[in-house]
Amino acid sequence: MRTFRTGLLIGLAIAVAIGGAAIAYERYDTKTLKRTIRRDAVLCGVNTGLPGFSTPDDKGNWAGFDVDFCRAVAAAIFDDPKKVKFLALDANERFKELQNRKVDILSRNSTWSMSRETSYDLYFPAVAYYDGQGFMIPKARNIDSALALDGSKVCVQEATTTQLNLGDYFRANNIKYQEMKFAKLEDALKAYESGQCDTFTSDVSQLYALRLRLPKPGDNEILPDVISKEPLAPVVRQRDDDWMMIIKWTLYAMINAEELGITSKNIDEALKSKKPDVMRLVGTEGAYGEEFGLTKDWAARIIRHVGNYGEVYERNVGAGSKLGIPRGLNQLWSAGGIQYAPPIR
């Protein structure tokens, strides 16, 4: 009897300890902003190297659309866009490393889908880039439509939504193909370059970027067909609403700034504006940033140091960049696109 009681007490003690640890774990997970401020840097997970979106130079300095978004978050928090530490993550490890707190935010080409939120316990706060899957082929094939890809050998990165979309498209259109799957995107691109496959599939934005890495980019073309919806969004852990709000409204502030005509060049003039929408955005009226732990001028910091959404798009992937990707769906709603941000009020 004594042994039974002793065992019972030990079991109860262990259960209490585990319960306490679980509670502490959950509370710890809801303090991303405090941990970020304490370490004096945002930990940002990015692509291992995708021109226009996230690439390091020979000195380790990162640049790109996704990189600039993390710099915008740092600007909002610290008034310093340089307070970011970048961690290059492959597609197969990105969500796991976010769950393991190796990064505070994932800012790389990751498609927002229901299963990723429910299965990985993650949030996709808002769409940063509206994309879709497409195909790249050698111009010598003389094909102008994906429907003419019958019998193709298609290179694709496995364990991605890209692989799933590929199978769905060819089955739906009763087209035969041979799937050439690779664990790493680099290997898939090398296989395409060497001629192991005659078609390469990925998000259209990624195709524009990867084409630049081929020996003769001009010998390859991107077909006009877009076969899927790929809303690319930053990703954060669940159970941290304040942090999720900061990430979401950082993007919305940049979109609203473009709509209001506020840029990194005229931000000082905007601070003198008497227009209500402008005043609320730049912080001369209201205290919106303070509601989730930032300062009144949080959005002004973003615009001053990084720019509005249009500025970030154009310098990294738009007409003024090497990629030259048209704005398309990523144009503001008022200019024919679908980029739309809730108002700050």
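Below or above, wherever it landed, is the structure these notes cover. (Residues numbered from 1 in each chain as written. Predicted model: local features only at pLDDT ≥ 70, side-chain atom pairs only at ≥ 80, totals over all residues. Heavy atoms only, no water.)

1. Thoughts on the overall build of the protein
Next, step 1: Along the backbone of the protein there are 13 helices and 14 strands.
Next, step 2: Principal-axis analysis of the C-alpha atoms gives the protein an extent of 75 × 75 × 40 Å.
Next, step 3: Per-residue burial over the protein gives 53% buried out of 345 residues.
Next, step 4: For the protein, the accessible area works out to roughly 16,700 Å², and carbon and sulfur atoms hold 52% of it.
Next, step 5: Where the 46 positive side-chain charges of the protein centre and where its 44 negative ones centre are 5 Å apart. (Helix = DSSP H or I, 4+ residues; strand = E, 2+ residues; numbered from the N terminus. Buried < 20%, exposed > 50% of the residue type's maximum accessible area, 1.4 Å probe, protein only. Areas by Shrake-Rupley, 256 points an atom, 1.4 Å probe, with all protein chains shown as cover. Lys, Arg positive; Asp, Glu negative; His and termini not counted. Charge placed at Lys NZ, Arg CZ, Asp CG, Glu CD.)

2. With respect to the packing of aromatic side chains
Next, step 1: One pass over the full model with this rule turns up 19 aromatic pairs.
Next, step 2: For the ring pair W62 and F86, a centre distance of 6.1 Å and an interplane angle of 40 degrees mean the geometry is tilted. Taken together, the residues span a long stretch of sequence, with W62 in strand 3 (residues 62-63) and F86 in strand 4 (residues 84-88) at a distance of 24 residues. Pair check on accessibility: W62 and F86 agree, each one buried.
Next, step 3: An angle of 85 degrees between the planes, with centres 6.4 Å apart, marks the rings of F65 and Y313 as edge-to-face. Of the two residues, F65 sits in helix 3 (residues 65-78) while Y313 sits in helix 13 (residues 309-316), which places them 248 residues apart along the sequence. As far as burial versus exposure is concerned, F65 and Y313 are alike and both buried.
Next, step 4: Among the aromatic residues, ring-to-ring pairing joins F53, F65, Y129, Y309 and Y313 into one connected group. (Phe/Tyr/Trp six-rings, centres within 6.5 Å; stacked < 30°, edge-to-face > 60°.)

3. Considering the sheet that holds strand 12 (residues 220-222)
In a beta sheet, neighbouring strands pair by backbone hydrogen bonds and run either parallel or antiparallel.
Next, step 1: Taken together, the five strands give an open sheet; going across it, the order is 10-9-11-8-12, and neighbouring strands pair in mixed fashion. Two strands in the sheet have a free side with no partner beyond their single neighbour: strand 10 (177-182) and strand 12. Within the sheet, the average angular offset between the axes of one strand and its neighbour, ignoring direction, is 30 degrees.
Next, step 2: As paired strands, strand 9 (residues 152-157) and strand 11 (residues 199-203) are joined by two bridges and run parallel to one another. Looking at the pairing, V154 lines up with T199 of strand 11.
Next, step 3: Docked against the sheet, helix 6 (residues 161-172) engages strand 8 (133-138), strand 9, strand 10 and strand 11, running at close to 80 degrees with respect to strand 8. (Pairing = 2+ DSSP bridges. Axes fitted to C-alpha atoms, helices over the stretch in contact; angles between N-to-C directions. Contact = heavy atoms within 4.5 Å.)

4. Some points on the nonpolar core
Next, step 1: Counting 77 residues, the largest nonpolar core has F65, C155, F200, I262 and W298 as the members making the most contacts within it.
Next, step 2: Beyond its immediate chain neighbours, meaning those up to four positions away, F200 contacts G134, F135, M136, C155, L185, A188, L189, Y192, L207 and L210. (Core = buried A, V, L, I, M, F, W, Y, C linked by side-chain atoms within 4.5 Å.)

5. Here we look at the pattern of salt bridges
Next, step 1: In the structure shown here, the tally under the stated rule is 15 salt bridges.
Next, step 2: Salt-bridge contacts for E186 lead to R213; the nearest nitrogen and oxygen are separated by 2.1 Å. Of this pair, E186 sits in helix 7 (residues 185-194) while R213 sits in the loop between helix 8 (204-211) and strand 12, and the two are 27 residues apart along the sequence.
Next, step 3: Given the relative accessible area of 35%, E186 is considered partly exposed.
Next, step 4: Between D297 and R301 there is a salt bridge, with its nearest N and O atoms 3.4 Å apart.
Next, step 5: Among the residues examined, D297 registers a relative accessible area of 31% and is labelled partly exposed.
Next, step 6: Residue classification places R301 among the buried residues on the basis of a relative accessible area of 14%.
Next, step 7: Among the charged side chains, a network of salt bridges with common partners joins D79, D297 and R301. (Salt bridge = Lys/Arg side-chain N within 4 Å of Asp/Glu carboxyl O.)

6. Digging into the sheet that holds strand 5 (residues 105-106)
Next, step 1: Taken in spatial order, the three strands of this open sheet run 4-1-5, and their pairing is parallel. Single-partner strands in this sheet number two, and they are strand 4 and strand 5.
Next, step 2: Two elements, strand 1 (residues 42-46) and strand 5, share two bridges in a ladder whose sense is parallel. Across the sheet, residue G45 finds its bridge partner in strand 5, namely L106.

7. A short note on the packing of helix 9 (residues 241-259) against helix 12 (residues 298-305)
Next, step 1: Helix 12 packs onto helix 9 with a crossing angle of 65 degrees between their chain directions and a minimal axis gap of 10 Å. Here helix 12 runs roughly perpendicular to helix 9, going by the angle between their axes. Relative to helix 12, the crossing made by helix 9 is right-handed. Together, W249, T250, A253, M254 and A257 of helix 9 and W298, A299, I302 and I303 of helix 12 make up the contact between the two elements.
Next, step 2: Of the residues in the contact of helix 9 with helix 12, the class split is eight nonpolar, one polar and no charged. (Parallel < 35°, antiparallel > 145°, perpendicular 65-115°, else oblique. Left-handed = near helix turned anticlockwise from the far one by under 90°. Nonpolar A, V, L, I, M, F, W, Y, C, P; charged D, E, K, R; others polar.)

8. Focus: helix 3
Next, step 1: Its 14 residues place the ends of helix 3 20 Å apart at the C-alpha level, agreeing with the 20 Å of an ideal helix rising 1.5 Å per residue.
Next, step 2: Burial within helix 3 is extensive, with 14 of its 14 residues counted as buried.
Next, step 3: Remark: D79 follows helix 3 within two positions and exhibits a positive phi of approximately 60 degrees. (Expected span 1.5 Å × (residues − 1).)

The quantities given are spatial measurements derived from coordinates; they are silent on function.
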